[in-house]
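Spelled out, the chains give:
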Amino acid sequence: MNKKIIAGAVSAAVLSLSGTVYADTAGDLINALVTKGVLTEEEGALLSKGNDKKKANTPIVKNKGGKFSIQSADGKNEIALTGRMHFDYRNSDLDDSDFGSDLKADEFDIDGKSTSASEFEMRRARIGIKGKLDGIWKYDVVLNANGKGGNNLDTASLTWAAMKPFQIQFGRFKQAFNLEGLTSSNDIDFNERSFMNQISPHKKLGIAIKGTPTKGMTYAVTKYQEGYKNNVIEEENNYSGRLTYNWAEANKIKDSIFHVGIAGFSEDYAQRPKTSSNAGGGGTTHARLFKFKSAGRGFSPLAALDLQGSYLTSGGASEKVKYAVDRENRFAALEGIFAKGPFKLQGEFGQGKFEGKNHRDGIASEADVKIGYVSANYVLTGEHYSKSYKGGKMKGIKVKNPFDFEKGTGTGAWEIGARYEYLGIDDVQLQQASGFDESRLRGAWDCGTAAANTYKGISGSACDLDVHQYTIGVKWIANQNVLAKVSLTHSDYGKEVVAPDFAGSDNSFDSETLLQTRVQWMF
């Protein structure tokens, strides 16, 4: 009689187990009770049948390496938390003695995003979800906690991924250009990416066709919108494309990467000029064709080309909304990775033309831009880079001996690296509207004249720019979730520079040395 009572109690307990409780526990309990004779084999079989039905619909909770996800029992649906926090400290050798005696020197921050100041910075703070649906769709929605200008959406996309050779993605995502840019900020070799990333289309609204047609090969073609919102009544024609091949992966050569790739973008869109920063009430507007910053988002603008927009003879700054500048940008790049065991050599080189046309005033500006970098990295603890390569790009290093912060055991992975990068701009055309001289160059330009904060009233054809940057760095990847890194970069402008927007300043400088540190948490 007691056994029957116990069996009834066990049955009720087993069948009432929540779907989020480990389903295998109920099965183990039933088997144990049958073995001890508390339940007969028939009773055990009956309970096991009910438990199997529940198990078939029980979500699987995963918590591996600090990554939390919930997956359906059949594995076709999944939702996972993702996030990152990058906390930086930066120290620049530029100070108010370089910028002059202007009272605003201590607040030097031209574009609200970059500064040469020594400071703490929350470089990134993101949280979101990613996963799959019905086994054929992939999705992600990631929010940026420190987004600029009210735009807190980092990425949000849906990908039809029923087959590897052909997939379709749409939403806001990284475009098909720039090996460094396509590598997650969690996994880049140094604190910041190179000059190449500063002209990359990066994260845009659009649609992509991509895939892996054969082992070792990837391709992607995208069409995208330049801005988060299109505020001009004109069709955009912006495209990017990338093709890569890893010969080592295709031929099953272990512990190696022999990656080559070609990528490019073509852009045709209308840009709305903005009121000049030095026009004192908005007498003119400018359309910026490009702007570069020194290493670590330091001195800005290191190189900028502005085409004059509308001259606001009436109507004040509100007049600026009436006319747009047509943009045509073309850029192509080669990329490569050679890795053997714990050593990696990586580089990219690209060249293109950036053009802008103000049809209202019949003027135009253009320039040829060349960018390149080469970097060498070595993992002191012996981890192999080939284990971190997937889908035509680099992922995070797979740590062999993770550091346990609770127990104080493990070494983590230690990596050292060096990078050289180059920015060259020439064949500059800088046309002015009749009676005005507001098309301009700003930054480290060599125009055959004394250094100035802005170069105006010139043809531009005599101006060029050559900047060289040298970076060394060390990285400690404690485990899958925690990382620390330090980078030291010297930027050689090749020309004396006067900081823009500092009236009467005659101080100049020709280089910058920047120390950057980062503590990084990710999952």
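Use the structure listed above.
Now for a look at the structure at hand. (Residues numbered from 1 in each chain as written. Predicted model: local features only at pLDDT ≥ 70, side-chain atom pairs only at ≥ 80, totals over all residues. Heavy atoms only, no water.)

Turning our eyes to something else, we now look at the pairing of strand 2 (residues 67–71). Taken together, the 5 bridges between strand 1 (residues 60–64) and strand 2 define a ladder with antiparallel strand orientation. Counted as the bridge partner of Asn-63 is Phe-68 from strand 2. Counted along the chain from strand 1 to the antiparallel partner strand 2, the turn is 2 residues long, and its residue Gly-65 has a positive phi close to 60 degrees. Pairing between strand 2 and strand 3 (residues 78–92): 3 bridges, direction antiparallel. By the bridge assignment for strand 3, Ile-70 is matched with Ile-79. (Pairing = 2+ DSSP bridges. Helix = DSSP H or I, 4+ residues; strand = E, 2+ residues; numbered from the N terminus.)

Attention now moves to the pairing of strand 25 (residues 509–522). Relative to strand 25, strand 3 is paired through 9 bridges, and the arrangement is antiparallel. Looking at strand 25, one finds that Met-85 is bridged to Trp-521. Sheet topology places strand 24 (residues 482–497) next to strand 25; 12 bridges connect them, and they run antiparallel. If you follow Thr-489 over to strand 25, its bridge partner there is Leu-514.

Structurally, the position occupied by Thr-489 is in strand 24. A polar atom in the side chain of Thr-489 sits 2.8 Å from the side chain of Thr-471. Apart from the residues within four sequence positions on either side, Thr-489 is in contact with Ala-295, Gln-469, Tyr-470, Thr-471, Glu-512, Thr-513 and Leu-514. (Polar contact = N/O pair within 3.5 Å; in protein donor to acceptor, adjacent residues only side chain to side chain. Contact = heavy atoms within 4.5 Å.)

There is a patch of like positive charges on the surface, built from Lys-67, Lys-130, Lys-138, Lys-164, Lys-215, Lys-252, Lys-390, Lys-395 and Lys-398. Relative to the assigned elements, Lys-67 resides in strand 2. (Patch = residues over 30% accessible without salt bridge, like charges linked within 9 Å, V, L, I, M, F, W, Y side chains within 5 Å. Areas by Shrake-Rupley, 256 points an atom, 1.4 Å probe, with all protein chains shown as cover. Salt bridge = Lys/Arg side-chain N within 4 Å of Asp/Glu carboxyl O. Lys, Arg positive; Asp, Glu negative; His and termini not counted. Charge placed at Lys NZ, Arg CZ, Asp CG, Glu CD.)

It is worth spelling out the environment of Leu-441 at this point. Tracing the sequence through the fold places Leu-441 in strand 21 (residues 440–443). Once the C-alpha coordinates of Leu-441 and Thr-454 are considered, the two residues, 13 residues apart in sequence, prove to be 5.9 Å apart.

What follows concerns the state of the cysteines. Evaluation of the coordinates by the stated rule reveals 1 disulfide. Here Cys-447 connects covalently by a disulfide to Cys-463, the sulfurs 2.0 Å from one another. Taking the sign of the S-S torsion, about 120 degrees here, the bridge from Cys-447 to Cys-463 comes out right-handed. Remark: Cys-463 occurs in the loop between strand 22 (455–456) and strand 23 (465–477) and Cys-447 occurs in the loop between strand 21 and strand 22; sequence separation between them is 16 residues. Each of the two residues, Cys-447 as well as Cys-463, counts as buried. (Disulfide = S-S within 2.5 Å. Buried < 20%, exposed > 50% of the residue type's maximum accessible area, 1.4 Å probe, protein only.)

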